[in-house]
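Results of the structural survey
Each chain is listed here by its residues.
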Amino acid sequence: MNRTTQSLIAVVVALGAVTGFAAFSGPDGTADDGTRTAARQPVERTSLLCPVPSASDLAETSYTAFTPKASGAESKGTAELLPVSRALTDAAKQEDNKNAKPFLTQKAPGTPVGGEKSGAEAPALIGTATGPFAPGWSVQQTTTYAAGSGRGVQGTHCTAPDTDFWFPGASTDKERSDYIHLTNPDDSAAVVDVELFGPNGEVTSPVGDSIQVQPHSSVPVLLSTLADKAYTNLTMHVVVRSGRVAAAVQSSDEKLGGDWLPAAADPAGSLVLPGIPKDATSVRLVAYAPGSDDADVKIQLVSATGTITPAGHETLHVKSGMTAAADLGDVTKGEAGSLLLTPTEKAVPVVAALRVTRGKGAKQETAFIPATSPVGTRATVADNRAKGSTLSLVAPGKSAKVKVTASAGTEGGSPATKAYTVKGGTTLDIKDPPVPSGLKGAYALTVEQVSGGEVYGSRMLELPEDGIPMFTVQTLPDDRGSVAVPEAERDLAVLQK
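Residues numbered from 1 in each chain as written. Predicted model: local features only at pLDDT ≥ 70, side-chain atom pairs only at ≥ 80, totals over all residues. Heavy atoms only, no water.

**Side note on the environment of A189**
Along the chain, A189 turns up in the loop between β11 (176–184) and β12 (190–198). When its relative accessible area of 27% is taken as the criterion, A189 is described as partly exposed. Taking the C-alpha atoms as reference points, A189 and S242, separated by 53 residues in sequence, lie 7.8 Å from one another. Not counting chain neighbours up to four residues away, the residues in contact with A189 comprise N184, Q212, V213, Q214, P215 and S242. (Helix = DSSP H or I, 4+ residues; strand = E, 2+ residues; numbered from the N terminus. Buried < 20%, exposed > 50% of the residue type's maximum accessible area, 1.4 Å probe, protein only. Contact = heavy atoms within 4.5 Å.)

Written as structure tokens, this is what we have:
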């Protein structure tokens, strides 16, 4: 084997260990000829980005970072959050250690760490975890607003940088202020296109093309500046031409509060949107078909007792390249549930998200639930409090067994674990998930699949104030804490061609 081939193998294996995405497979999902087996190994490095939480002096923001503890993980590593503008190159760090001082540093896997920022001081953050801190590292950002536009609770997972994002459920309505936050963690500038799609197709806007995001910086873009008029329901597509960014939409409403709208799962023929609260007073479904074919999807509510079809909303027709919406009202009827979208006949990929409202009159609050991927092997959500966390798990197919672990608290406490069975075709609403004994501070919840069919999940955090049901919802996709690393034992001359 020559040096070129050896170098190529080293790069491929390193990429798999760092990103958690690499695996060799053929079109049918079987191992390619170049590999014999693909053992799963923990990722060695994880990067997460947190957007600027607020420009309001009335905001209070908390951060919680956590890595599930793994048995046998003894290698050294670090996990820290830095302001993006201070995430300097190694040379710059050596030159100015003050600028490289972390905002938050995690001490050990299995124990979360928390930090707070007041008012408009909180910057965008870049987080890096290595060694035993990397597999499943999760950072939660939670902001509370006492008053003003968007008042309420706005929470989001800090996310990994990528190059392609879908946001059904965005808006340029007159009462909404939606910003897309683009954060660049790298040493070179990123070039980003922001595309908007309304009920009649693409919204033409040259301003959305070639947006420059400078190195180690975050750029907020007000969506109404990219549209020719007000649109109640939009789908936004963020495409990175050069480099990579993290992207999230911050939505504020003058009357209904606000929250972060995370990117939805990739387009698919069937989608799951888990965890609609039982007391939801209004639920709006927004969907978009990015391909060349129209999509007809069946709408089903997966409740605690089974799957039902909402009266008057049996299906939704989504025209190609156009955004469709359906106001489902109080679809849960006092029983928590999840929305399941499936093709009526031909499977056509769509993206979708829900806007959920709780409360009435002047005391309303909203949150978003995008379509998400399964819990998979393991998923984690940080920043749970002694009260106010509700875990929602749905098994749209076969029944499944899961294990839910509450970590220690940021300031003390001992982990607790409980097993649950999610019956096929139902949503399990866990109002009182496990809480660490002797809890002090915030803690993390980790869901692990034990057996059975696919499970999807979300966590609702409630922080009511002055009669307003302030809340935020985060979905629970697989944490991608491990990667398939193939054993390349045969001659890889094919790679040289």
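**A short note on the side chain of R151**
Assignment of secondary structure puts R151 in the loop between β8 (138–145) and β9 (152–157). Of the buried charged residues, R151 lacks a salt bridge, with E365 as the closest side chain of opposite charge at 4.2 Å. A polar contact is formed between the side chain of R151 and the backbone oxygen of A362, at a distance of 3.4 Å. In terms of polar contacts, R151 uses its side chain to reach the backbone carbonyl oxygen of Q364, at 2.7 Å. Discounting chain neighbours no more than four positions away, the residues touching R151 are Y145, A146, K255, L256, G257, G258, A362, K363, Q364, E365 and I468. (Lys, Arg positive; Asp, Glu negative; His and termini not counted. Salt bridge = Lys/Arg side-chain N within 4 Å of Asp/Glu carboxyl O. Polar contact = N/O pair within 3.5 Å; in protein donor to acceptor, adjacent residues only side chain to side chain.)

**Topic: the nonpolar core**
For soluble globular proteins, the rule of thumb is that nonpolar side chains tend to be buried together. Ranked by internal contacts, the top residues of the largest apolar core, which has 31 residues, are L273, I276, L285, L316, L339, L341 and L354. When neighbours within four sequence positions are excluded, L285 is seen to be in contact with I299, L316, A324, A325, A326, L328, L339, L341, A352, A353 and L354. Counting 27 residues, the second largest nonpolar core, distinct from the first, contains I211, V213, A227 and F368. (Core = buried A, V, L, I, M, F, W, Y, C linked by side-chain atoms within 4.5 Å.)

**Remarks on the environment of T64**
Here T64 shows up in strand β3 (residues 59–66). You can call T64 buried: its relative accessible area is 3%. Separated by 78 residues in the primary sequence, T64 and T142 have C-alpha atoms spaced 8.7 Å apart. In contact with T64, not counting residues within four places along its chain, are P112, V113, G114, S138, V139, Q140, A382, D383, T410 and A442.

**Regarding the side chain of Q140**
Looking at the element boundaries, Q140 is found in strand β8. A relative accessible area of 0% places Q140 in the buried class. A polar contact of 3.3 Å, which involves the side chain of Q140, links it to the side chain of Q474. Once residues within four sequence positions are removed from consideration, Q140 is found in contact with S62, Y63, T64, G155, T156, H157, V381, A382, D383, R459 and Q474.

**A look at the sheet that holds β8**
Sheet architecture is open: 4 strands sit in the order β6-β3-β8-β9, paired in antiparallel fashion. Both edges of this open sheet fall to β6 (113–118) and β9, since each of them pairs with a single strand only. The mean inter-strand angle of the sheet, taken between neighbouring strand axes irrespective of direction, is 15 degrees. Sheet topology places β3 next to β6; 6 bridges connect them, and they run antiparallel. Residue pairing for β6: A65 is matched across the bridge by V113. (Pairing = 2+ DSSP bridges. Axes fitted to C-alpha atoms, helices over the stretch in contact; angles between N-to-C directions.)

**Observations regarding the environment of L256**
Position of L256 among the secondary structure elements: in the loop between β17 (246–253) and β18 (257–261). When neighbours within four sequence positions are excluded, L256 is seen to be in contact with R151, R355, Q364, E365 and T366.

**Focus on the packing of aromatic side chains**
Following the criterion strictly, the structure yields 4 aromatic pairs and no others. Taken together, a centroid distance of 4.8 Å and an interplanar angle of 35 degrees make the contact between F197 and Y288 tilted. Residue F197 is located in strand β12, and its partner Y288 is located in strand β20 (residues 280–288); the two are separated by 91 residues in the primary sequence. In this structure F197 comes out as buried when scored by relative accessible area, which is 9%. Taken together, W166, F197 and Y288 form an aromatic cluster joined through their ring pairs. The residue whose ring lies beneath R358 is F471, and the NZ or CZ to ring-centre distance is 4.9 Å. (Phe/Tyr/Trp six-rings, centres within 6.5 Å; stacked < 30°, edge-to-face > 60°. Lys NZ or Arg CZ within 6 Å of the ring centre and 35° of its normal.)

**Section: the pattern of salt bridges**
Inspection of the entire model under this criterion finds 14 salt bridges. Two residues, E448 and K403, come together in a salt bridge whose shortest N-O distance is 3.6 Å. Placement of E448 in strand β35 (residues 443–452) and of K403 in strand β30 (residues 400–406) is noted, with a sequence separation of 45 residues between them. Using a relative accessible area of 26% as the deciding quantity, one classes E448 as partly exposed. What makes K403 partly exposed here is its relative accessible area of 34%. It is possible to trace a salt-bridge network through shared partners that takes in D279, R358, K431 and E462.

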